[in-house]
Structure formats: C-alpha cells, structure tokens
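So the chains spell out like this:
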Amino acid sequence: MKEVDYIIVGCGLAGISFCEELRANEKTFIVFDDESQQSSVVAAGLYNPVILKRFSPVWKAKEQLEIALPFYEHLENLLGVKLDHKLPVYRRFASVEEQNEWFNASDKPLLEDYLSPQIIKNEIDTVNAPFGFGRVLETGRVDTSALLKHYKLFLKTINSYSTETFDYSDLKLQHDFVIYENIKSKFIVFAEGFGMVKNPFFKELPLNVAKGEVLTIKASDLKMAFILKSSVFVVPELDDCYSVGATYNWEDTTHDITEAAKMELLDKLKGLITCKYEVVDQVAGIRPTVKDRRPLVGRHPKYRNVAILNGLGTRGVMIGPYVAKQLFQLLENDLPLEEEIDIKRFQD
Ligand SMILES: Cc1cc2nc3c(=O)[nH]c(=O)nc-3n(C[C@H](O)[C@H](O)[C@H](O)COP(=O)(O)OP(=O)(O)OC[C@H]3O[C@@H](n4cnc5c(N)ncnc54)[C@H](O)[C@@H]3O)c2cc1C
C-alpha cells in the first residue's frame, strides 16, 4: 500500500494552489484529475483587484495579490514557462459621467492604489473610445492553460498524478486516515470545481452554475498592448490573437460552445473595435460560483480528514493561492479559517 499525506481530487487552479502549499511544507500527495471540468483551462486568466462595473475593490484584493503574484512567479521558475503576463487593464469610459465616477473612486482608500486618476486618451484608431480610458494598476493575465498543461507534466515526473476519475464510493474513511484503492492518506481534499455536484460528501453546499464562453479572434491590425475592458474584455494573446469574453449562463451545465454566446460576444465587440478580424476559436467552461461570492473551504462536519477547496467563482487566479494557504493551516495546525470562506456558514 502506498502511503501519502494527502489525496487531492482536481487539478485546476484550486488543486494546483493546494499542491504547491503541500510541496512548500514537504508533504507527500497524489492528485486525481480526469479533465471532466475545464474552467481553469478556458479561463481568460485575468487578475485585477477592482470590480470595474461598480468601481469597487475586490474582496481582500491586496492580501490576495500579495500571495498570488509570488505564487505564479515561483511556478514560472519551477516549470520553466512564462505564465504571468503583466498587462495594464484599460477601462473604456462610455460618458463624461463615468470619467467623473472614476475620479471619485480613485480617491477612495481601498482603490487609490489600483486606479490611476489620469484619463488616458485613446490613441488606437481601431478602437472606438471617444471618452478615453481609466488605467487599473497591478493587473495582468496568467496563462492558465499553459499552467495546467505544464503542472500536470511536472506532477507526472514526480509520480503524483493520476488521470483516473475519482470514484467516491470507493473511499474508505477511518478515524485518522482514508483509504482509496491502494493508497492510504492522512487527508483527502476535494477541489473538483463544478464536478463537486457529484460529490456525496459536499453536494449539499450551494454551488451554482455559471457557464462562460470565450472567443479567440485574429485581428492583425488591432495592435493593442493592453487588456481592454468595456462590456467585454479583449485580451492580447500571441500572434495578433485576442480573447474576447466572457458570457454568463446560469442554467447550461454542458461544455458545449453555442452560437448564442458567439453572437452575444460579437455584438458587444461591434461597437468597440473597428478593424477586420476573424474568429479562430471558441471555448466554454463552468465557473464554480457561490451565491455570496465567497469560496467554499473547510472540513467535512463529520469526517475531519475530508476537506473541500472550491467556489473560486469568477476570480480563481487571485483567490486560489490565498484560500489554499488557509485550508492547509486549518488541516495541519487547526488555525481557524476566515468566517467568510468557511463552509460552516452554510451548515449552522
Ligand atoms: C469562460 C471563463 C472565463 C474565466 N475567466 C477568468 C479570469 O479571467 N480570471 C479568473 O481569475 N478566473 C476566471 N475564470 C474563473 C476560473 O476559471 C475559476 O475560478 C477556476 O478555474 C476554478 O478552478 P477550480 O480548480 O476550482 O475548478 P476547475 O478548473 O473546474 O478544476 C476542477 C478539476 O477537477 C477535476 N475533477 C472533477 N471531478 C473529478 C473526479 N471525480 N475525478 C477526477 N477529477 C475530477 C476536473 O477534471 C477539473 O480538472 C473564468 C472561468 C470561465 C469558465
């Protein structure tokens, strides 16, 4: 029988964040991932400390960035791949009123570090922005698809990765450990994203569907070196390509791409960029979201060695490493979680 400290189910942003916490603390582990969910693969990968619809700060933005930025830098070194593309986000203004709102917001305590007060004039004739832009600081794009691909390869080299679907009915729970197939482990951490709805230990938790679709367009004349935020994001990728997204669908639980989502995104793009482009790809995934917009982290109420790391919602890039640290401290050192992320809020 193989003995490890942890079994982890799921190798998306949540699973990877937790694995790195384990490696930093010299714990042994094995990860199961069957690629049945793909939220982390298709994500645009943006990190941005400001909610740009309302000009309000993201919850714990500073604390999250302080952990996330060194985390991706460390992964770049470990994997030898460029992951963190530090690009400014330019919020397009639709009116003079919005410019004024931006000025007011940029003076507020939690926003002043992230919102540059100057209005940036539009200098790209292929972008339609007569009222200019506001620049957000401390932003960028993590190449999540490259991260997952290379991290899984890395896990294979250390014999810590299985592509099997985890079968919940085969898990045997003992007081101090769990047994799965021929593996004995002190803990098991479930990080299955939307796959959680099939998990008998946690399926009562309120995880919502938030399907998102993203297009990739090739636009050789656009020449835009920033992330443009208007009613959609337009994010520079390689070779004159840009991702455009994302949509929200609160019912569809499939990964199928749809004509309706494509039309919605193209319609929004119409008033925004004026050069020619062609659609070269379209992808879809399910964001694991929670109604109070906080993650689902914690121990199973009955089985102390069974835990969950989920509900990363629309901002898994920033929040994943932050909550993984807290879960590790809970399991190893009994340090309490922040109440806002603790699954106890749905169990009392
Ligand atoms: C279109 C779109 C755009 C997005 N854009 C951004 C963005 O710009 N910035 C940002 O921060 N976030 C973004 N997100 C959100 C972000 O992708 C999520 O917060 C994040 O991916 C959630 O990660 P996760 O690891 O919890 O879930 P997932 O990525 O879904 O990973 C769960 C893993 O568990 C595996 N799994 C499930 N069940 C089993 C089982 N029984 N056995 C074995 N393996 C199993 C799945 O195969 C999967 O690999 C976006 C999401 C979408 C869909």
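Above this note sits the structure.
Here the structure is a predicted model, which means the values were calculated and not measured.

> Looking at this model, I keep getting lost on the sheet that holds strand 6 (residues 84-85). Mind explaining?
By definition, the strands of a sheet pair up through backbone hydrogen bonds, in either a parallel or an antiparallel sense. Strand order across the open sheet formed by 3 strands is 3-10-6, with antiparallel pairing between neighbours. Each having just a single partner strand, strand 3 (46-47) and strand 6 make up the two edges of the open sheet. In this structure, strand 3 lies alongside strand 10 (residues 140-142), joined through 2 bridges in antiparallel fashion. Opposite leucine 46, over in strand 10, you have arginine 141 as the bridge partner.

> Please explain the packing of helix 1 (residues 13-24) against helix 7 (residues 316-333) as it appears in this structure.
The description of two helices packed together rests on the angle between their axes and the distance between the axes. Closest axis-to-axis distance for the helix 1/helix 7 pair is 8 Å, and the angle between their directions is 45°. Of the possible angle classes, the one that applies to helix 1 and helix 7 is oblique. Read as a crossing pair, helix 1 and helix 7 show a hand that is right-handed. Within the contact between the two elements, helix 1 uses Leu13, Ser17, Phe18, Glu21 and Leu22 and helix 7 uses Gly316, Val317, Gly320, Pro321, Ala324, Lys325, Leu327, Phe328 and Leu331.

> Can you walk me through the packing of aromatic side chains in this structure?
Each aromatic ring pair is characterised by the separation of its centres together with the angle its planes make. Inspection of every chain in the model, using the stated rule, returns 20 aromatic pairs. Geometrically, the ring pair formed by phenylalanine 55 and tryptophan 102 is edge-to-face, given 5.4 Å between the ring centres and 90° between the ring planes. Taken as a pair, phenylalanine 55 in the loop between strand 4 (50-51) and strand 5 (56-57) and tryptophan 102 in helix 4 (residues 96-105) lie far apart in primary sequence, 47 residues in all. Here phenylalanine 55 falls in the buried class, since its relative accessible area comes to 6%. Taking the ring centre of phenylalanine 233 as reference, the NZ or CZ of lysine 229 above it sits at 5.0 Å. Against the face of tyrosine 248 rests arginine 287, its NZ or CZ located 3.8 Å from the ring centre.

> Explain the pattern of salt bridges here, please?
Where charged atoms from two side chains of opposite charge approach closely, those side chains can pair. Counting across every chain of the model gives 20 salt bridges. Residue glutamate 338 is joined to lysine 60 by a salt bridge in which the shortest nitrogen-to-oxygen separation is 3.3 Å. One end of the pair, glutamate 338, is in the segment after helix 7; the other, lysine 60, is in the loop between strand 5 and helix 3 (61-79), with 278 residues separating them in the sequence. Taking the relative accessible area as the measure of exposure, lysine 60 reaches 28% and is therefore partly exposed. The shortest N-O distance in the salt bridge between glutamate 237 and arginine 141 comes to 3.1 Å. Separated by 96 residues along the polypeptide, glutamate 237 in the loop between strand 17 (233-236) and strand 18 (241-245) and arginine 141 in strand 10 bring together distant segments of the chain. Connected through shared salt-bridge partners, Lys211, Glu213 and Asp252 make up one network.

> Sorry if this is basic, but what is going on with the environment of leucine 79 here?
Looking at where leucine 79 falls in the secondary structure, it is placed in helix 3. Using a relative accessible area of 16% as the deciding quantity, one classes leucine 79 as buried. For the pair leucine 79 and valine 9, spaced 70 residues apart in sequence, the C-alpha separation works out to 21 Å. Those residues within four positions of leucine 79 in sequence are excluded, and the remaining contacts are Leu147, His150, Tyr151 and Phe154.

> Can you walk me through helix 7 in this structure?
The α-helix advances 3.6 residues per turn, and as a result positions three or four apart in sequence lie on the same side. With 18 residues, helix 7 ought to run about 26 Å at 1.5 Å a step, and its terminal C-alpha atoms sit 25 Å apart, in line with that. Helix 7 sits mainly inside the fold: 14 of its 18 residues count as buried. Once helix 7 finishes, aspartate 334 follows within two positions and takes phi at roughly 60°, a positive value.

> Can you walk me through the layout of surface pockets in this structure?
To locate leftover empty space, one rolls a probe as large as a water molecule over the atoms. Estimates place the volume of the second largest pocket at around 380 Å³. Around the second largest pocket, the lining is made up of 19 residues, and of these Arg141, Asp143, Ser145, Thr216 and Glu237 lie nearest the centre. Of all the secondary structure elements, the ones that give two or more residues to the lining of the second largest pocket are helix 2 (39-42), strand 10, helix 5 (144-157), strand 15 (207-218), strand 18 and strand 19 (278-290). Of the residues assigned to the lining of the second largest pocket, the class counts are 9 nonpolar, 5 polar and 5 charged.

> I tried to follow the site of the ligand on my own but got confused; where do I start?
Taken together, 37 residues surround the ligand, and among them Asp33, Ser36, Ser40, Phe166 and Gly313 come closest. Contact between the ligand and aspartate 33: an oxygen atom at 2.6 Å from a side-chain N or O atom of the residue. Backbone polar atom of serine 36 to an oxygen atom of the ligand: 2.8 Å apart, as the coordinates give it. The fraction of the free accessible surface of the ligand (1,000 Å²) that becomes covered by protein chains is 96%.

> Hey, could you run me through unusual backbone geometry in this one?
With the exception of glycine, most residues fall at negative phi, and the peptide bonds are largely trans. Cis peptide bonds are those with omega within 30 degrees of zero, and the linkage from glycine 245 to alanine 246 qualifies with -10°. Inspection of the secondary structure assignment puts alanine 246 in the loop between strand 18 and helix 6 (259-270). Of note in the backbone geometry, glutamate 26 takes a positive phi value of approximately 55° without being a glycine. In this fold, glutamate 26 is placed in the loop between helix 1 and strand 2 (29-32). Among the residues examined, glutamate 26 registers a relative accessible area of 72% and is labelled exposed. Even without being a glycine, lysine 223 presents a positive backbone phi close to 50°.

Calculation rules
Residues numbered from 1 in each chain as written. Predicted model: local features only at pLDDT ≥ 70, side-chain atom pairs only at ≥ 80, totals over all residues. Heavy atoms only, no water. Pairing = 2+ DSSP bridges. Helix = DSSP H or I, 4+ residues; strand = E, 2+ residues; numbered from the N terminus. Axes fitted to C-alpha atoms, helices over the stretch in contact; angles between N-to-C directions. Parallel < 35°, antiparallel > 145°, perpendicular 65-115°, else oblique. Left-handed = near helix turned anticlockwise from the far one by under 90°. Contact = heavy atoms within 4.5 Å. Phe/Tyr/Trp six-rings, centres within 6.5 Å; stacked < 30°, edge-to-face > 60°. Buried < 20%, exposed > 50% of the residue type's maximum accessible area, 1.4 Å probe, protein only. Lys NZ or Arg CZ within 6 Å of the ring centre and 35° of its normal. Salt bridge = Lys/Arg side-chain N within 4 Å of Asp/Glu carboxyl O. Expected span 1.5 Å × (residues − 1). 1 Å grid on protein atoms, 1.4 Å probe; cavity = no way out; pocket = protein on both sides within 12 Å on 5 of 7 lines; lining within 4 Å. Points joined across faces, edges and corners; volume = space filled by probe spheres on them. Nonpolar A, V, L, I, M, F, W, Y, C, P; charged D, E, K, R; others polar. Near = heavy atom within 4 Å. Polar contact = N/O pair within 3.5 Å; in protein donor to acceptor, adjacent residues only side chain to side chain. Areas by Shrake-Rupley, 256 points an atom, 1.4 Å probe, with all protein chains shown as cover.

These figures come from the coordinates and say nothing about function on their own.
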